[in-house]
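What follows is each chain in one-letter form.
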Amino acid sequence: MPVMKNGSMIDPVDAQVGGDGDIDGIAQTITGDDIDTVLMSPSPVEQRIDTLREMRVELEARSHADRGGEIAPLLNQLDAAIALLSMRA
């Protein structure tokens, strides 16, 4: 159903997927590749650990909405990466 926006009719069917007008969802924004990138980064170990912990906090906050079981493996991967780097610190 078309809606009025700024005086013109907009039909959601005509909206670009992923465009600026796209509504945010609970899509996963942290991937296993992101975790590996931080783990292998040339940044100082303490900085990488802090970044991984921040990622973990974000995933924990989203875990209540995880109906597909996608967050638990990422949390496990984060825990393993933090443990590995903690041995080097």
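Residues numbered from 1 in each chain as written. Predicted model: local features only at pLDDT ≥ 70, side-chain atom pairs only at ≥ 80, totals over all residues. Heavy atoms only, no water.

Novice: Just checking my understanding: could you explain the confidence of the model for the chain for this structure?
Specialist: The predicted coordinates ought not to be read in detail in places where the model reports low pLDDT. On average, residues of the chain score 81 in pLDDT, and 69% of them reach the 70 mark or higher. Taken element by element, the chain is modelled with least confidence in strand β1 (residues 3-5), mean pLDDT 54, and with most confidence in helix α1 (residues 32-39), mean pLDDT 95. (pLDDT = per-residue confidence, 0-100. Helix = DSSP H or I, 4+ residues; strand = E, 2+ residues; numbered from the N terminus.)

Novice: Is there a simple way to explain the packing of α1 against helix α3 (residues 71-88) in this structure?
Specialist: Between two packed helices, the angle of one axis relative to the other and the distance separating the axes together describe the packing. With their axes 10 Å apart at the nearest point, α1 and α3 run at an angle of 5° to one another. In terms of orientation, α1 and α3 fall into the roughly parallel class. When α1 is examined against α3, the residues Gly-32, Ile-35, Asp-36 and Leu-39 are found in contact with a partner set consisting of Leu-74, Gln-77, Leu-78, Ala-81, Leu-84 and Leu-85. For the contact of α1 with α3, the per-class residue count stands at seven nonpolar, two polar and one charged. (Axes fitted to C-alpha atoms, helices over the stretch in contact; angles between N-to-C directions. Parallel < 35°, antiparallel > 145°, perpendicular 65-115°, else oblique. Contact = heavy atoms within 4.5 Å. Nonpolar A, V, L, I, M, F, W, Y, C, P; charged D, E, K, R; others polar.)

Novice: Would you mind showing me how to read the nonpolar core here?
Specialist: Nonpolar side chains in soluble globular proteins tend to be buried together. Counting 15 residues, the largest nonpolar core has Ile-35, Leu-52, Met-55, Leu-59 and Leu-78 as the members making the most contacts within it. Elements supplying a minimum of two residues to this core: α1, α2 (45-62) and α3. (Core = buried A, V, L, I, M, F, W, Y, C linked by side-chain atoms within 4.5 Å. Buried < 20%, exposed > 50% of the residue type's maximum accessible area, 1.4 Å probe, protein only.)

Novice: What exactly am I supposed to notice about the pattern of salt bridges here?
Specialist: Side-chain pairs of opposite charge can arise whenever the charged atoms involved come near each other. Within this structure, the stated rule accounts for two salt bridges. For Glu-60, the salt bridge goes to Arg-56, with nearest N and O atoms at 2.0 Å. Here Glu-60 and its partner Arg-56 are both found in helix α2, four residues apart, which amounts to about one turn of the helix. Residue classification places Glu-60 among the partly exposed residues on the basis of a relative accessible area of 41%. Note that Arg-56 and Asp-79 form a salt bridge whose closest N and O atoms lie 2.5 Å from each other. With Arg-56 in helix α2 and Asp-79 in helix α3, this pair connects stretches of sequence that are 23 residues apart. Each of Arg-56, Glu-60 and Asp-79 takes part in a single network of salt bridges with overlapping partners. (Salt bridge = Lys/Arg side-chain N within 4 Å of Asp/Glu carboxyl O.)

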